[in-house]
Amino acid sequence: MYRQYIKAILDRLFALTLLLVLSPLLLCLYVIVRIVLGRPVFFVQERVGQGEKRFFLFKFRSMTTERDPNGVLLEDSQRLTAFGLFLRASSLDELPELFNILMGHMSFVGPRPLPCKYLPRYNDEQRRRHDVKPGLTGYAQVMGRNLLSWEERFNYDIHYVDHLSFAFDMEIIFKTFGIVLGRKGISSESHATMEEFMGSGNDD
């Protein structure tokens, strides 16, 4: 019952409540991002959701749009400002995803939604992460976030799919507060955010 019906109802109920309560903060962040980083205020990207259906993810933009002389975007590390790093460290850039939850694209807890270009690179086991809605936070996020390898992240995602329950969701949500307050795992050891997933190189 929880997996099929109750989880979705609770997601939308709490997303609506938080949007109403946090509306002053959202407006404030909108204005600050507009002043500091300019337009566009939101980072909008097509991501993969449950059943491999695509949707547009909303986040506050945390990087500049600086490009090289050929018009190619600079590396993340060159575009990530001190303000953008603060947004990421505090997870405030993720707040617009409450709209994705309200629209039914996402859940509060689930595997993080990843870019569509990764779809052909998953093996069969990794694709199972799309058996549930992607989440604002997830088991991989509380077990290491961007410090994990892609294989480790996917293993945690599949564990969540196989053990989804109300109690497990509550455990992940409470642990998320500690991760956010401690600002742990914001960046991988080799990249300003997370290196691109190129495939695991096996079919198991």
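Bear in mind the structure is a predicted one, so any value in this text is a computation, not a measurement.

1. Regarding the pattern of salt bridges
Where charged atoms from two side chains of opposite charge come close, those side chains can pair.
Stage number 1. One pass over the structure, following the stated rule, counts 13 salt bridges.
Stage number 2. Note that Lys7 and Asp169 form a salt bridge whose closest N and O atoms lie 2.7 Å from each other. Here Asp169 lies in helix α8 (residues 166-182) and Lys7 lies in helix α1 (residues 2-21), a separation of 162 residues in the sequence. Residue Lys7 shares its accessibility class with Asp169, and that shared class is buried.
Stage number 3. Between Glu97 and Arg112 there is a salt bridge, with its nearest N and O atoms 2.7 Å apart. Here the residue Glu97 occupies a position in helix α5 (residues 97-102), and Arg112 occupies one in the loop between β3 (107-109) and β4 (135-137), the gap between them amounting to 15 residues.
Stage number 4. Using a relative accessible area of 9% as the deciding quantity, one classes Arg112 as buried.
Stage number 5. Shared partners join several salt bridges into a network, and the residues in it are Lys59, Asp93, Glu94, Glu97 and Arg112.

2. What about α1?
Turn by turn, an α-helix covers 3.6 residues, leaving residues three or four places apart pointing in a common direction.
Stage number 1. Residues Tyr2, Lys7, Asp11, Ala15 and Leu19 constitute the buried set of α1. Relative to the axis of α1, the buried residues are bounded by an arc of 135° and lie together on one face. Opposite its buried face, α1 presents the exposed residues Tyr5, Ile9, Leu20 and Val21, each directed more than 90 degrees away.
Stage number 2. Where α1 is buried, its residues contact α2 (23-36), α5, β3, α7 (150-163) and α8.

3. What to know about the pairing of strand β2 (residues 54-60)
Stage number 1. As judged from the seven bridges shared by strand β1 (residues 42-48) and β2, these two strands associate in the antiparallel manner. Paired with Gln45 across the strands is Leu57, a residue of β2.

4. Thoughts on α8
Stage number 1. For α8, spanning 17 residues, the distance from its first C-alpha to its last is 25 Å, which sits close to the expected 24 Å at 1.5 Å a residue.
Stage number 2. When we look at burial in α8, the residues that qualify are Phe168, Asp169, Ile172, Thr176 and Ile179. What you see down the axis of α8 is that its buried residues fit within an arc of 90°, all on one side. Projecting away from the buried face of α8 at angles above 90 degrees are the exposed residues Ala167, Phe174, Phe177 and Leu181.
Stage number 3. Of the surrounding elements, those touching the buried residues of α8 are α1, β3, β4, α6 (139-142) and α7.

5. Topic: the nonpolar core
Stage number 1. Residues Val33, Tyr160 and Ile172 are the most contacted members of the largest nonpolar core, which totals 29 residues.
Stage number 2. If we skip the residues at most four places from it in the chain, Tyr160 touches Lys7, Val109, Gly110, Pro111, Val132, Tyr139, Phe168, Asp169 and Ile172.
Stage number 3. Membership of the second largest hydrophobic core comes to 10 residues, among which are Leu114, Trp150, Phe154 and Met194.

6. Notes on a nonpolar patch on the surface
Stage number 1. Together, Leu27, Tyr30, Val31, Ile32, Ile35, Val36, Phe42, Val44 and Phe56 make up a nonpolar patch on the protein surface, roughly 820 Å² of accessible area in all.
Stage number 2. When residues of the nonpolar patch are traced back to their parent elements, those giving at least two are α2 and β1.
Stage number 3. Considering every element that reaches the nonpolar patch, the biggest residue donor is α2, with six residues.
Stage number 4. For Leu27, the position within the fold is in helix α2.

7. Observations regarding the environment of Leu164
Stage number 1. Here Leu164 lies in the loop between α7 and α8.
Stage number 2. Note on Leu164: relative accessible area 13%, which makes it buried.
Stage number 3. In sequence terms Leu164 and Tyr2 are 162 residues apart; their C-alpha atoms lie 9.0 Å from each other.
Stage number 4. Here Leu164 is in contact with Tyr2, Arg3, Lys7 and Val132, once residues within four sequence places are set aside.

Thresholds, definitions, all that
- Residues numbered from 1 in each chain as written.
- Predicted model: local features only at pLDDT ≥ 70, side-chain atom pairs only at ≥ 80, totals over all residues.
- Heavy atoms only, no water.
- Salt bridge = Lys/Arg side-chain N within 4 Å of Asp/Glu carboxyl O.
- Helix = DSSP H or I, 4+ residues; strand = E, 2+ residues; numbered from the N terminus.
- Buried < 20%, exposed > 50% of the residue type's maximum accessible area, 1.4 Å probe, protein only.
- Arc of directions from axis to C-beta.
- Contact = heavy atoms within 4.5 Å.
- Pairing = 2+ DSSP bridges.
- Expected span 1.5 Å × (residues − 1).
- Core = buried A, V, L, I, M, F, W, Y, C linked by side-chain atoms within 4.5 Å.
- Patch = residues over 30% accessible without salt bridge, like charges linked within 9 Å, V, L, I, M, F, W, Y side chains within 5 Å.
- Areas by Shrake-Rupley, 256 points an atom, 1.4 Å probe, with all protein chains shown as cover.

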